[in-house]
Amino acid sequence: MKHIAIYITLLSIYLPSYSQSNSSIVPGKVWLDNNSVAINAHGGNVIFYKKKYYWYGEHKIEGKSEAQLADGGIHCYSSKDLMNWQDEGIVLPVIYTDTTSDLAYGCILERPKVLYDRKQQLFIAHFKYYPRGTGYLKGYIGVATSKKPNGTFTFKHKFLGANSEYGSGDFAMFKNTDNNAYHLTVRKPDKTFVIGKLQDDKMLPTTNYQVAKGITARTEAPAIILHNNQYFLIGSGSTGFLPNVARAFVANALDGTFTNLGNPCIGKNPHNGIGADTTFGAQINYILKVEGKTNAYIAMFDIWQPDMPIKAYTYGYHWYLKMVYHK
Ligand code: GAL
């Protein structure tokens with residue numbers, strides 16, 4: 001049997017540039033957008049559409065996010081080269097003027113993941129959603145859609161996934177090769193990791209959730225890729241915003257048995273001196289495939305600053321994911 005190792009190391013990444021100012025991705029440094037403002041998109045994901053990457057994430061506002069609420073909604077940036085990012089603005093805003101709105105200030109909107117559904121020609125955002133005033137007990141998935149990648153998205157509805165009346169926590173939304181989308185998530189309240197298929201239009205789940213065999217309970221922040229016909233999933237443990245040791249798993253099928261690959265991180269973060277035993281002080285949010293390159297992936301992380309989330313960008317959050325195969 002082939003032994004598989006998956007490593008995350010801190011590297012500067014040099015990609016072909018389209019002449020703008022950044023000529024590399026420097027992990028652990030403040031990353032400025034086209035207006036020289038630090039990129040503000042946390043817990044999110046990146047998609048590729050019509051020759052451009054779109055990066056979506058939680059927007060933090062100075063002085064507000066301290067209470068873990070959603071303050072700015074979903075922020076979007078676009079890029080042709082993954083190094084230079086243009087601010088596309090807030091594509092799903094939090095509403096400050098109407099307390100009855102679904103997205104009224106006071107709701108929690110976390111870890112947005114946007115996917116494109118070719119059939120409907122629709123961009124669909126899923127995010128952890130707790131309506132205003134309801135706390136963390138029942139974890140909904142909020143759903144918003146847009147005809148364009150840079151919004152504006154319209155809030156459609158919420159659902160409780162994982163076949164649980166308490167819903168689910170951190171999640172990945174994975175579009176498989178058959179164009180079906182799968183909701184991989186930690187079920188509430190027991191923190192078992194489950195995988196369920198969404199309905200064809202990707203707006204609601206089916207009832208077909210199964211316990212993910214081999215994935216340790218309390219796995220949060222899941223990020224998944226399909227690489228050489230194998231599904232690699234990296235996640236964190238369950239300690240809120242505090243960093244812990246990352247965990248990696250691999251399986252031949254989503255409903256197969258996952259093999260535990262242990263901690264995929266190696267080395268030290270030169271910018272804060274924090275090592276692999278606490279994921280360099282960070283938590284994974286997504287793994288993105290670099291278009292046009294073979295076996296090139298970038299694992300994206302947040303170094304959270306729960307006392308002052310706007311500062312979360314200060315240390316940057318991007319690492320290069322190395323897939324290493326041994327015969
Ligand atoms: C993390 C999660 C974040 C946020 C935080 C709250 O594990 O990834 O999105 O929910 O817990 O403590």
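Because the structure is predicted, anything quoted here is derived from the model rather than measured.

Peer 1: Go over the overall build of the chain with me, naming the residues and quoting the values.
Peer 2: The helix and strand tally for the chain stands at 0 helices and 20 strands. Expressed as a percentage of its 327 residues, the buried residues of the chain come to 56%. A separation threshold of at least 6 residues defines the contact pool for the chain, and within that pool the share at least 24 residues apart is 50%. Accessible surface computed for the chain: about 14,000 Å², of which carbon and sulfur atoms make up 50%.

Peer 1: Any details on the nonpolar core? Residues and values, ideally.
Peer 2: In this structure, Tyr56, Ile74, Leu92, Phe123, Phe127 and Phe153 are the most contacted members of the largest nonpolar core, which totals 23 residues. Elements represented by at least two residues in this core include exactly strand S2 (42–49), strand S3 (52–58), strand S4 (74–79), strand S5 (86–92), strand S6 (108–117), strand S7 (122–130) and strand S8 (140–146). Here the element with the most residues in this core is S7; it accounts for 4 residues.

Peer 1: Would you mind going over the packing of aromatic side chains in detail, with residue names and values included?
Peer 2: Between two aromatic rings, the relevant description is the distance of the centres plus the angle of the planes. Inspection of the entire model under this criterion finds 16 aromatic pairs. Here the aromatic rings of tryptophan 55 and tyrosine 77 are separated by 6.4 Å at their centres, their planes lie at 55°, and the arrangement is tilted. Linking tryptophan 55 in strand S3 with tyrosine 77 in strand S4, this pair joins segments that are 22 residues apart in sequence. Assessed through its relative accessible area of 1%, tryptophan 55 is described here as buried. Ring centres of tyrosine 130 and tyrosine 136 lie 4.7 Å apart, and the angle between their planes is 70°; this geometry places the pair in the edge-to-face category. Since its relative accessible area comes to 33%, tyrosine 136 is described here as partly exposed. The structure contains a cluster of three or more aromatic residues connected by ring pairs, namely Trp31, Trp55, Tyr77 and Trp85. One cation-aromatic arrangement involves lysine 158 over tyrosine 140; the distance from NZ or CZ to the ring centre is 5.0 Å.

Peer 1: Break down the site of the ligand for me, citing the residues and quoting the values.
Peer 2: Taken together, Gln68, Glu110, Arg111, Lys128, Tyr136, Asp170, Glu220, Gly240, Phe241 and Gln283 form the complete shell of residues around the ligand. Taking arginine 111, its side chain carries an N or O atom lying 2.7 Å from an oxygen atom of the ligand. Within the contact set of the ligand, an oxygen atom lies 2.8 Å away from a side-chain nitrogen or oxygen of glutamate 220. The fraction of the free accessible surface of the ligand (310 Å²) that becomes covered by protein chains is 90%. Judged by the proximity of its atoms to the pocket grid, the ligand belongs to the second largest pocket. When its residues are assigned to classes, the shell around the ligand shows 2 nonpolar, 3 polar and 5 charged.

Peer 1: Give me the sheet that holds strand S17 (residues 259–262): which residues, what numbers.
Peer 2: Taken together, the 4 strands give an open sheet; going across it, the order is S14-S15-S16-S17, and neighbouring strands pair in antiparallel fashion. The open sheet terminates on both sides in strands that have one partner only, identified here as strand S14 (220–227) and S17. Across the sheet, the axes of successive neighbouring strands diverge by a mean angle of 25°, strand direction being ignored. With 6 bridges joining them, S14 and strand S15 (residues 230–236) adopt antiparallel strand pairing. Its bridge partner lying in S15, glutamate 220 is registered against serine 236.

Peer 1: Give me the lowdown on the sheet that holds S3, citing residues and values where you can.
Peer 2: Sheets are built from strands paired through backbone hydrogen bonds, the pairs being either parallel or antiparallel. Within the open sheet, the 4 strands sit side by side as S2-S3-S4-S5. Their pairing is antiparallel. Whereas interior strands pair on both sides, the edge strands pair on one side only; in this sheet they are S2 and S5. Adjacent strand axes in the sheet meet at a mean angle of 25° when their direction is disregarded. The pairing of S2 with S3 spans 6 bridges and is antiparallel. Of the residues in S3, the one forming a bridge with histidine 42 is glutamate 58.

Peer 1: Before we move on, can you summarise unusual backbone geometry with the specific residues and values?
Peer 2: A cis geometry characterises the amide bond from glycine 151 onward to threonine 152, with omega recorded as 5°. Mapped onto the elements of the fold, threonine 152 is located in the loop between S8 and strand S9 (154–159). That bond from lysine 188 to proline 189 is cis: its omega, 0°, falls within 30 degrees of zero. Within the secondary structure, proline 189 is located in the loop between strand S11 (181–187) and strand S12 (193–198).

The rules we used
- Position labels on residues start from 1 in each chain and follow its written sequence.
- Local features in a predicted model are, by the rule used here, given only for residues with pLDDT of at least 70; side-chain atom pairs are given and counted only at 80 or more, and totals for whole chains, interfaces and linings are based on all residues.
- Here the side-chain values reflect all heavy atoms present in the structure, with hydrogen atoms and water set aside.
- Segments assigned H or I by DSSP are reported as helices when at least four residues long, segments assigned E as strands when at least two residues long, and all are numbered from the N terminus.
- For every residue, the accessible area obtained with a 1.4 Å probe (protein chains only) is divided by the maximum for its type, and the residue is called buried under 20%, exposed over 50%, and partly exposed between those limits.
- Here, residues are in contact when the closest pair of their heavy atoms is within 4.5 Å.
- Accessible surface area values rest on a Shrake-Rupley calculation with a 1.4 Å probe, where residue burial reflects the displayed protein chains alone.
- For this analysis, a nonpolar core means a set of buried residues of the types Ala, Val, Leu, Ile, Met, Phe, Trp, Tyr and Cys, connected via side-chain atoms within 4.5 Å.
- To pair, rings of Phe, Tyr and Trp, with the six-membered ring standing in for Trp, must have centres within 6.5 Å; the planes then decide the type, stacked if under 30 degrees apart, edge-to-face if over 60, and tilted in the middle.
- Sitting over a ring, as applied to charges here, requires NZ of Lys or CZ of Arg to be within 6 Å of the ring centre and within 35 degrees of the ring normal.
- Residues are labelled near a given molecule or strand when at least one of their non-hydrogen atoms is within 4 Å of it.
- We call two N or O atoms a polar contact when they sit within 3.5 Å, provided that within protein one can donate a hydrogen and the other can accept it, with sequence-adjacent residues counted only if both atoms are side-chain atoms.
- The pocket and cavity definitions rest on a 1 Å grid over protein atoms only: a 1.4 Å probe that fits but cannot leave marks a cavity, an open set with protein on both sides within 12 Å along at least five of seven lines marks a pocket, and residues lining either have an atom within 4 Å of a point.
- A molecule is counted as occupying a cavity or pocket when more than half of its atoms fall within 2 Å of that pocket's grid points.
- The nonpolar class holds Ala, Val, Leu, Ile, Met, Phe, Trp, Tyr, Cys and Pro. Asp, Glu, Lys and Arg form the charged class, and all remaining residues, Gly among them, are polar.
- A pair of strands is labelled paired if DSSP reports no fewer than 2 bridges between them.
- The convention used is that axes are lines fitted to C-alpha atoms, helices contributing only their stretch in contact, and that angles between N-to-C directions extend from 0 to 180 degrees.

So far we have only geometry, and geometry alone does not tell us how the molecule works.
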